[in-house]
Amino acid sequence: IDDSIELLINLLTKFNRKDLAEEVLDTFGKNAIGFDQFECVARCFFKIRSYLKTVEYCHKALESTDDPERIYSIKCNMVNSYNHINYPEQALSIIEECETNSSTGTDLGLEKAFSLFLLNQKPKAEQLLRDTLKYQSDRLSDELITKIKFNLGTYHFYKDDFQLGMTLFLDE
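These lines cover the structure that appears in this document, whether it is placed above or below. Small disclaimer: the values here were computed from a predicted structure and weren't measured.

1. Considering unusual backbone geometry
Consideration 1: Look at Asn 16: it is not a glycine, yet its phi comes out positive at around 60°.
Consideration 2: Tracing the backbone through its elements, the reader meets Asn 16 in the loop between α1 (2-14) and α2 (18-30).
Consideration 3: Residue classification places Asn 16 among the exposed residues on the basis of a relative accessible area of 69%.
Consideration 4: In the Ramachandran plot, Arg 49 falls in the positive-phi region, its phi being about 65° despite a non-glycine side chain.
Consideration 5: Tracing the chain through its elements places Arg 49 in the loop between α3 (34-47) and α4 (51-63).

If you want it as structure tokens, here you go:
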């Protein structure tokens with residue numbers, strides 16, 4: 001059922017029917033049972049950029065599991081959603097909770113940098129990205145390294161170092 005819902009939502013999105021996609025997801029979500037279905041609804045709401053609904057169904061998914069890996073995954077999705085709707089305080093709250101319960105993954109570290117950036121704590125965010133490259137580059141995928149370097153280009157623009165910022169944007 002989850003694959004069918006996702007396929008339907010993708011088609012409705014392609015047909016520019018976000019309104020109908022939201023209606024289908026609301027209907028399915030109200031009748032969802034268990035983690036997999038709640039997580040599917042949350043994932044689909046995220047795809048159509050309905051981030052408040054994403055968070056709502058992430059909470060329902062959290063309530064339906066005690067599996068640490070699933071909990072961490074859902075919390076990462078919540079952080080991402082909160083950052084998308086410019087609620088960095090909520091995102092950081094979840095990140096801090098994850099940091100106290102286990103080691104935080106690189107993706108969540110990048111979300112933390114983005115949250116700090118949104119809160120206008122740019123030096124702290126930049127340092128987090130630089131430290132990630134310096135101390136974790138051997139564990140990062142090429143895609144993540146590229147993403148970090150690209151994001152660091154933004155900080156060079158803020159420091160009026162246009163040439164280096166543009167170089168990082170273009171190279172990455």
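2. As for helix α7 (residues 106-118)
Consideration 1: For α7, built from 13 residues, the straight-helix expectation of 18 Å at 1.5 Å per residue is met to within 8% by its first-to-last C-alpha distance of 18 Å.
Consideration 2: Inspection of α7 places Thr 106, Leu 108, Gly 109, Leu 110, Glu 111, Ala 113, Ser 115 and Leu 116 among the buried residues, and these make up the whole buried set.
Consideration 3: On its buried side, α7 packs onto α5 (68-84), α6 (88-101), α8 (122-136) and α9 (142-158).
Consideration 4: After α7 finishes, the residue Asn 120 shows a positive phi value of roughly 65°.

3. A look at the state of the cysteines
Consideration 1: This structure, assessed with the given rule, holds zero disulfides.
Consideration 2: For the unlinked cysteine Cys 76, the closest cysteine sulfur is that of Cys 98, found at 5.9 Å.
Consideration 3: Take Cys 76: its relative accessible area is 19%, and that puts it in the buried class.

4. With respect to the pattern of salt bridges
Consideration 1: Here the structure, examined in full by the defined rule, presents 12 salt bridges.
Consideration 2: Linking Arg 43 and Glu 6 is a salt bridge whose minimum nitrogen-to-oxygen distance equals 2.7 Å. Of this pair, Arg 43 sits in helix α3 while Glu 6 sits in helix α1; the two residues are 37 residues apart in sequence, bridging distant segments of the chain.
Consideration 3: The exposure class assigned to Arg 43 is partly exposed, which follows from its relative accessible area of 27%.
Consideration 4: For Glu 6, a relative accessible area of 13% gives the class buried.
Consideration 5: Between Glu 39 and Arg 43 there is a salt bridge whose closest N-O contact spans 2.4 Å. Placement of the pair is Glu 39 and Arg 43 together in helix α3, with a separation of four residues, close to one helical turn.
Consideration 6: With a relative accessible area of 17%, Glu 39 lands in the buried category.
Consideration 7: Salt bridges linked by common partners bring Glu 6, Glu 39, Arg 43 and Lys 47 together as one network.

Basis of the calculations
- Residues numbered from 1 in each chain as written.
- Predicted model: local features only at pLDDT ≥ 70, side-chain atom pairs only at ≥ 80, totals over all residues.
- Heavy atoms only, no water.
- Helix = DSSP H or I, 4+ residues; strand = E, 2+ residues; numbered from the N terminus.
- Buried < 20%, exposed > 50% of the residue type's maximum accessible area, 1.4 Å probe, protein only.
- Expected span 1.5 Å × (residues − 1).
- Contact = heavy atoms within 4.5 Å.
- Disulfide = S-S within 2.5 Å.
- Salt bridge = Lys/Arg side-chain N within 4 Å of Asp/Glu carboxyl O.

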